[in-house]
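Coordinate analysis (summary)
So the chains spell out like this:
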Amino acid sequence: MSPLKFLYSYTKKHLGKLFLAILFMLASSLLNVIPPYLFKTVVDDVLISKNIFMLNIICGSLVLIFGLKAITTYFQRYFMSVAGQSVVMDIRIDLYDHMQRMSLKRIYASRVGALMSRITSDAATLQNIVTSTFIDLMFNIVTFLGMFAFILYINWRLTCFIILVLPFVALLLSYASKKLRKAGHSVQEHLADITATAQEAFSAIRVVRAFATEDEELERFTKASKENYEALLHSVSIQGILAGVIEVFLIFALAIVFWFGGQKVIDGTLTPGDLVSFIGYIAFMVQPIRSILNQMNSMQIGMASAERVSEMLQSHIEDSATNSGNITERISGNVKFENVCFHYEEGQEVLRDINLEIKAGQKIAVVGPTGSGKSTLADLLPRFYKPTSGKILIDDHDIREYNLKDLRRQIGIVPQECILMKGSMAFNIAYGIKNPDMNKIIEAAEIADIREFIETLPKKYETEIGERGVTISGGQRQRIAIARAVIRDPRILILDEATSSLDIAVERQVQKAMDKAMKGRTSLIIAHRLSTVREADKILVLKDGEFIEAGTHDELLKLGGLYANLWRLQYGDNA
């Protein structure tokens, strides 16, 4: 979709406000065109004829004209701001909604700062375009055309000299427009790079401090800033050269007009007032042209932002979100994988012919070397990705037949890295639940073995957690994640490496909470530490995307295969 079509698709809902803004803009522009014509009357009817009455009329007219212009300009800007802000708000909301629904593959392949720049930097640029640049460009174009009509009326022969210059100006504008659009793209891309670089550095500030790489990160940020600086200079350079060349053309035309018109005044075929008025219009026309050039530069940067936002909005959203089924019933928790294969990239299979059946209430553990596909297997169940072949059933229904939101609300997930939101303990435990019951929050905290800790805090459940949960320990974060997973009473619980980042003492505490959470629920445990899965009903060993062993802890130790080797590496001969 072209940038103009994209912007029109959002502005058409606000055409009434835009129409009013344009109406007042036209009135303001026409009022702006009249004063230079009064020069003719001042010279011919006041200064030469010495007409005091006419002098009074002209002075009063000037006050009236500029008073009306102030009023029309106010309403023009008011209605344009209302329409423009509404348009940009709609774009920003749609963009945020779309980005939330993009496939995880696309999100993980992008830099968070680059995505954020679409909502912040690009949306702000569009806001400037829609609320001021566009209407100012229209105002100056109408003003220019109005002044051109007046000089044509005053003397068409003199106007012909101006017309001879205009094709050169038009060619320059066309050439510069392409250059400015390209420069605008470059400016916005480098600005996004600055945002992404800063976002990454501050998100990983502990890593930066730990490895003492502040200077390296500063160097990266400085490089991105310099590239943006150079892109801006290139854009300004194009604009400056263009403005200078066009001004030379106009002054050249003005000199010819003055030379030719002066002769006409001398021989009596043109009044002094006509020449002064004509030259006044030419002088006044320089300002609209300068403004048009400045606004064209802003428009090209805005069109570049519109292209970037439009491209983002046209990107594919999560496949599962576009194929939501209509089953909304409460599930029992029987899970079956039938010949499931999956790959992120063509030809690089991550899972191969996975067949797995989990009865409701069973605890099934999946273990294996790093990169064997354990977390990917877990991600298929809540439909974060869809299998490239085969199918997954819950209660004998293909998971694609379930309404996506209803399905995910019945699957609790405790991830390896628990990300908490800025807010209270209660908010984080009941995250995503509207008007949560406090008794259920306390019950979930009890199951997760975090209630006692919370109730020792001065504000208890209203205690604020810092962004990403940095103000509490890793074990406490994991137990809040468990509480968050069980508060909805899910029938299926996925524990994805939930204790791998904890020390042994804390792991045992969290494991106790996990055992309580899994009671009565179908549980899929993805684990690196084998001590967390020894009580599972069945342990499956995954290697290179395939199950190679299955059994209980004792059975697998007796088998002497990969599981037994992994156990010995972690715990020696302690069974």
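Here, the structure is the one placed above.
Cut-offs and rules
- Residues numbered from 1 in each chain as written.
- Predicted model: local features only at pLDDT ≥ 70, side-chain atom pairs only at ≥ 80, totals over all residues.
- Heavy atoms only, no water.
- Patch = residues over 30% accessible without salt bridge, like charges linked within 9 Å, V, L, I, M, F, W, Y side chains within 5 Å.
- Areas by Shrake-Rupley, 256 points an atom, 1.4 Å probe, with all protein chains shown as cover.
- Salt bridge = Lys/Arg side-chain N within 4 Å of Asp/Glu carboxyl O.
- Buried < 20%, exposed > 50% of the residue type's maximum accessible area, 1.4 Å probe, protein only.
- Pairing = 2+ DSSP bridges.
- Helix = DSSP H or I, 4+ residues; strand = E, 2+ residues; numbered from the N terminus.
- Contact = heavy atoms within 4.5 Å.
- Axes fitted to C-alpha atoms, helices over the stretch in contact; angles between N-to-C directions.

**A closer look at a nonpolar patch on the surface**
- Where nonpolar side chains cluster on the molecular surface, the patch consists of Leu 64, Leu 68, Ile 71, Tyr 74, Phe 75 and Tyr 78 and spans about 610 Å² of accessible area.
- Note on Leu 68: relative accessible area 38%, which makes it partly exposed.

**Here we look at the pairing of strand β1 (residues 335–343)**
- Looking at chain direction, β1 and strand β2 (residues 349–358) are connected through 6 bridges and run antiparallel. Note on β2: the bridge partner recorded for Val 335 is Ile 358.
- Here β1 hands over to β2 after 5 residues, with Gly 347 in that stretch at a positive phi of 85°.

**Digging into the environment of Ser 389**
- With respect to the helices and strands, Ser 389 occurs in strand β4 (residues 389–394).
- Of the residues examined, Ser 389 reaches a relative accessible area of 33% and is grouped as partly exposed.
- Considered as a pair, Ser 389 and Asn 339 are 50 residues apart in the sequence and their alpha carbons are 7.4 Å apart.
- Setting aside chain neighbours within four positions, we find Ser 389 in contact with Asn 339, Val 340 and Cys 341.

**Observations regarding unusual backbone geometry**
- Positioned with a positive phi, Asn 339 is a non-glycine residue whose angle comes to about 50°.
- Inspection of the secondary structure assignment puts Asn 339 in strand β1.
- Even without a glycine there, the phi angle at Arg 383 is positive, about 65°.
- Classification of Arg 383 by relative accessible area gives buried; the value is 3%.

**Focus: the environment of Pro 382**
- Mapping Pro 382 onto the fold places it in the loop between α11 (374–380) and β4.
- We classify Pro 382 as buried; its relative accessible area is 1%.
- As a C-alpha pair, Pro 382 and Gln 410 span 28 residues in sequence and 9.2 Å in three-dimensional space.
- Not counting residues within four places of it along the chain, the set of residues in contact with Pro 382 comprises Leu 404, Arg 408, Ile 411, Ile 413 and Ile 494.

**Here's the deal with the sheet that holds strand β6 (residues 411–414)**
- With respect to topology, 6 strands assemble into an open sheet ordered β6-β9-β10-β3-β11-β12, the strand pairing being mixed. Of all strands in the sheet, those with a lone pairing partner are β6 and β12 (546–551), marking the two edges. Between one strand axis and the next, the sheet turns by 20° as a mean value, whatever way the strands run.
- Contacts from helix α16 (residues 474–486) reach β6 and β9 (492–496) within the one sheet, and its direction differs from that of β6 by about 175°.
- Strand contacts of helix α19 (residues 562–571): β3 (363–367), β11 (538–543) and β12, with the helix running at about 95° to β11, the strand carrying the most contacts.

These values are about where atoms sit, not about what they do.
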